[in-house]
Amino acid sequence: MRVLIVGAPVFAFFFAGPGPAAALDLPQIGGKLPLTRGVTQIEGASGAGLAPWAVIAGNETEDGVGASAFYTATPLSDYDFSAYGAAIGFFDRFEISYAHQEFDTGSTGALLGIGDGFTFEQDIFGAKLRVFGDALYGQDTWLPQVAIGVQYKQAEHEGLIQALGGEDDEGVDYYVAATKILLRESLLVNATVRFTEANQFGLLGFGGDREDSHTPQLELSAAYMLTDRVVLGAEYRTRPDNLGFAAEDDGYDAFAAYAVTDNITLVGGYVDLGSIATLNDQNGAYLSIQFGL
Amino acid sequence: MRTSHLAGIILFLAAVAAPAMAQTHMPGEEPVAPYVQSDANAGATPIADPAVLAAFHGRDGIARIANRTIDLALDDEELGPIFRPFDMVRLRRTLNEHFCYLLGGGCSYSGRDMTTSHADMGVETRHFNRLIVHLRMAMREEGVPFRMQNRFLALLAPMHDEVVQ
Ligand code: HEM
């Protein structure tokens, strides 16, 4: 009896949400509409495949803290590119993220003289703040949802990076992303400007013998909604070309994203990253899974 | 039970006895605080495209969608408790008018504005989104193509800021 009397207020404390309407309900999780959190881009931020968007990770609205996790595999012509990571979204306002990228040179490593199966790797710590606008609810204005973000990147193999002409094994990208859902057209568009000195996302270090400072790069995405759970999209991402030994090209992709449930999104597509470390035409399938709460 | 019947009869008689007065509620509905009636209370400019109205199967389709949305909301374990204390007879009428007006069905909207209608209700963004999911379901059941659903939802989306206060 005692236990019950003491326990009841504690129970009520945990299960009563804010506001009078929530008082009767079970614990509340989630709340965003399917796909409106985006998926996770290759560096761990919420967005599409290549570009971060102005959306915030996880399913929670301004009333909660959500999270997401992802794994992406991109088997290219001569390399295997993969990434995994997680993000936390606070009140649909602020996002922190972590991603680990691996770039497995496989048998190409021997060809390049860096050793069979040599793998470039890096860790990426990101933060993103939504500044103004609402991509979804702001249908009566042209104003997009805008966010600013940073990605701190720490690459491995400092010695090799320097031997290849890279200036540094760590660097910071800064970006501004603007996202707009044109609901009338069933379309989502995004433009991101990134200031970066990263070579191949940072896997080949930062800055180089040709250019050793941040340059502005443009990342564009468009996604057409087929249903509230399926979108078709395409992206274009310009990239710096800092290293003398090997040219770096712009990247592009085309993808389909399917929100299997409110918590699981699958992405499949095609990506082309151009020339990587002297080997041209690096393209292939793009497969990604994202979990969101 | 008996009192509410009595109240209903009195209301009905009052409604019949004073036809000249502007009625903000109809017979069979609970009275509401006085407000100024205007189509502007609907909170958006109607869609003028006849293709949209046709996709919603005209007034009949719109009425089915409005009613079905309310049914789904009442059955929802989270939304049900928010809706149930209110007058669903009135809501079925005014929501139908609201949708019909906005979709260019030629109705006029006699309800309150979105801010007044949802004041002190404690509606959160998650509730708003759930209602959109139910509305999408109702539109899908009616056979409204996805693109046409979005034409309508584009009008409703900005009401988020008035409904979630
Ligand atoms: C775009 C979204 C919404 C639209 C277009 C909308 C529209 C309306 C309309 C036209 C009315 C009638 C006002 C009147 O009779 O004078 C109304 C009332 C009401 N709405 Fe909404 N609504 C929306 C969202 C919501 C949400 C998310 C909830 C709760 C979860 C909600 C709960 C209610 C309730 C309970 C009433 C009855 C209020 C009363 O009788 O005093 N509505 N709404």
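Residues numbered from 1 in each chain as written. Chains lettered and ligands numbered in written order. Predicted model: local features only at pLDDT ≥ 70, side-chain atom pairs only at ≥ 80, totals over all residues. Heavy atoms only, no water.

Novice: Please give an account of the overall build of chain B that cites residues and values.
Specialist: Along chain B, the regular secondary structure elements total 9 helices and 0 strands. Starting at the N terminus and walking to the C terminus, you meet the elements of chain B as α-α-α-α-α-α-α-α-α. Within chain B, the fraction of its 165 residues that count as buried is 48%. Pairs at least 24 apart in sequence give 71% of the contacts found in chain B among residues at least 6 apart. (Helix = DSSP H or I, 4+ residues; strand = E, 2+ residues; numbered from the N terminus. Buried < 20%, exposed > 50% of the residue type's maximum accessible area, 1.4 Å probe, protein only. Contact = heavy atoms within 4.5 Å.)

Novice: Which residues make up the site of the ligand, and what values go with them?
Specialist: All names here are of chain B. Neighbouring the ligand are 23 residues, the closest being Arg-90, Thr-94, Arg-112, Ser-117 and His-118. Between Arg-112 and the ligand, the recorded distance is 2.8 Å, taken from a backbone N or O atom to an oxygen atom. Between a nitrogen atom of the ligand and a side-chain N or O atom of His-118, the distance comes to 2.8 Å. Of all the secondary-structure elements, those providing two or more residues to the shell around the ligand are helix 4 (80–83), helix 5 (88–102), helix 6 (114–117) and helix 7 (125–141). Broken down by element, the residue count for the shell around the ligand peaks at 5 residues, all from helix 5. Its residues placed into classes, the shell around the ligand shows 15 nonpolar, 6 polar and 2 charged. (Near = heavy atom within 4 Å. Polar contact = N/O pair within 3.5 Å; in protein donor to acceptor, adjacent residues only side chain to side chain. Nonpolar A, V, L, I, M, F, W, Y, C, P; charged D, E, K, R; others polar.)

Novice: Go over the nonpolar core, please, and point to the residues and values.
Specialist: Judged by nonpolar contacts, the single largest core of 85 residues is most densely connected at Phe-56, Phe-99, Leu-102 and Phe-152 of chain B. For this core, the element with the highest residue contribution is helix 8 (residues 146–156) of chain B, accounting for 7 residues. Once you skip the residues sitting within four places of it in the chain, Phe-152 of chain B turns out to touch Ile-47, Phe-56, Phe-99, Leu-102, Leu-103, Leu-135 and Met-139 of chain B. Counting 5 residues, the second largest nonpolar core, distinct from the first, contains Ala-45, Ala-54, Tyr-175 and Ala-177 of chain A. (Core = buried A, V, L, I, M, F, W, Y, C linked by side-chain atoms within 4.5 Å.)

Novice: Residue-level account of the layout of surface pockets, with values.
Specialist: Take a probe with the size of a water molecule and roll it over the atoms, and the empty space left behind shows itself. All names here are of chain B. Of the pockets and cavities examined, the largest pocket occupies roughly 900 Å³. In this structure, the largest pocket is lined by 38 residues; those nearest its centre are Phe-83, Leu-91, Ser-117, His-118 and Met-121. For the lining of the largest pocket, the elements supplying multiple residues, two or more each, are helix 3 (58–75), helix 4, helix 5, helix 6 and helix 7. It is helix 5 that contributes the most residues to the lining of the largest pocket, 7 residues altogether. Partitioned by chemical class, the residues of the lining of the largest pocket number 25 nonpolar, 8 polar and 5 charged. (1 Å grid on protein atoms, 1.4 Å probe; cavity = no way out; pocket = protein on both sides within 12 Å on 5 of 7 lines; lining within 4 Å. Points joined across faces, edges and corners; volume = space filled by probe spheres on them.)

Novice: Quick rundown of the interface of chain A and chain B? Include the residues and the values.
Specialist: The interface is formed by 28 residues belonging to chain A together with 26 residues belonging to chain B. Here chain A packs against chain B, burying approximately 2,300 Å² in sum over the two surfaces, 56% of which is carbon and sulfur. Applying the counting criterion to the chain A and chain B interface returns 0 salt bridges. Counting every contact that joins chain A to chain B gives 6 residue pairs in polar contact (both at pLDDT 80 or more). Its residues assigned to classes, the side of chain A that touches chain B shows 13 nonpolar, 7 polar and 8 charged. (Buried area = accessible area lost by both parts, 1.4 Å probe. Salt bridge = Lys/Arg side-chain N within 4 Å of Asp/Glu carboxyl O.)

Novice: Just give me the short version of the state of the cysteines, but keep the residues and values in it.
Specialist: Residues and elements named next belong to chain B. Evaluation of the coordinates by the stated rule reveals 1 disulfide over all chains. In this model, Cys-100 is linked to Cys-107 through a disulfide, with the two sulfur atoms separated by 1.8 Å. Residues Cys-100 and Cys-107 are joined through a disulfide that is right-handed, its torsion about the S-S bond being 70°. Of the residues examined, Cys-100 reaches a relative accessible area of 1% and is grouped as buried. A relative accessible area of 19% places Cys-107 in the buried class. (Disulfide = S-S within 2.5 Å.)

Novice: Describe the side chain of Thr-61 of chain A, naming the residues involved and giving the relevant values.
Specialist: You can see Thr-61 of chain A is positioned in the loop between strand 2 (46–47) and strand 3 (65–75). Residues contacting Thr-61 of chain A, with those up to four places away along its chain left out, are Gly-31, Lys-32, Phe-91 and Asp-92 of chain A together with Thr-125 and Arg-126 of chain B.

Novice: I'd like a rundown of the coordination of the iron atom of the ligand, residues and numbers included.
Specialist: Counting protein donors around the iron atom of the ligand gives one, His-118 of chain B (NE2), at 2.0 Å. Inspection of the secondary structure assignment puts His-118 of chain B in the loop between helix 6 and helix 7. (Donors = N, O, S within 2.8 Å, 3.2 Å for Na, K, Ca; no water.)

Novice: Just give me the short version of the side chain of Asp-272 of chain A, but keep the residues and values in it.
Specialist: Residues and elements named next belong to chain A. Along the chain, Asp-272 falls in strand 13 (residues 264–272). The buried charged residue Asp-272 lacks any salt bridge partner; its closest oppositely charged side chain belongs to Arg-239, at an N-O distance of 7.6 Å. Within the structure, Asp-272 has its side chain in polar contact with the backbone nitrogen of Gly-274 (distance 2.8 Å). Setting aside its immediate chain neighbours within four residues, Asp-272 contacts Asp-250, Gly-251, Tyr-252, Gln-282 and Asn-283. (Lys, Arg positive; Asp, Glu negative; His and termini not counted.)

Novice: Any details on the pairing of strand 7 (residues 145–155) of chain A? Residues and values, ideally.
Specialist: All names here are of chain A. By the bridge criterion, 10 bridges tie strand 6 (residues 119–132) to strand 7 in an arrangement that is antiparallel. Counterpart to Phe-132 in the pairing with strand 7 is Val-146. Relative to strand 8 (residues 170–182), strand 7 is paired through 10 bridges, and the arrangement is antiparallel. Residue pairing across strands places Gln-151 opposite Asp-173, the latter belonging to strand 8. (Pairing = 2+ DSSP bridges.)

Novice: I'd like a description of the packing of helix 5 of chain B against helix 8 of chain B, backed by residues and values.
Specialist: Residues and elements named next belong to chain B. Following both chains from N to C, one finds helix 5 and helix 8 inclined at 110°, their axes separated by 11 Å at the closest point. In terms of orientation, helix 5 lies roughly perpendicular with respect to helix 8. Classified by chirality, the crossing of helix 8 by helix 5 is right-handed. Here His-98, Phe-99 and Leu-102 of helix 5 lie close against helix 8, whose contacting residues are Phe-152, Leu-155 and Leu-156. (Axes fitted to C-alpha atoms, helices over the stretch in contact; angles between N-to-C directions. Parallel < 35°, antiparallel > 145°, perpendicular 65-115°, else oblique. Left-handed = near helix turned anticlockwise from the far one by under 90°.)

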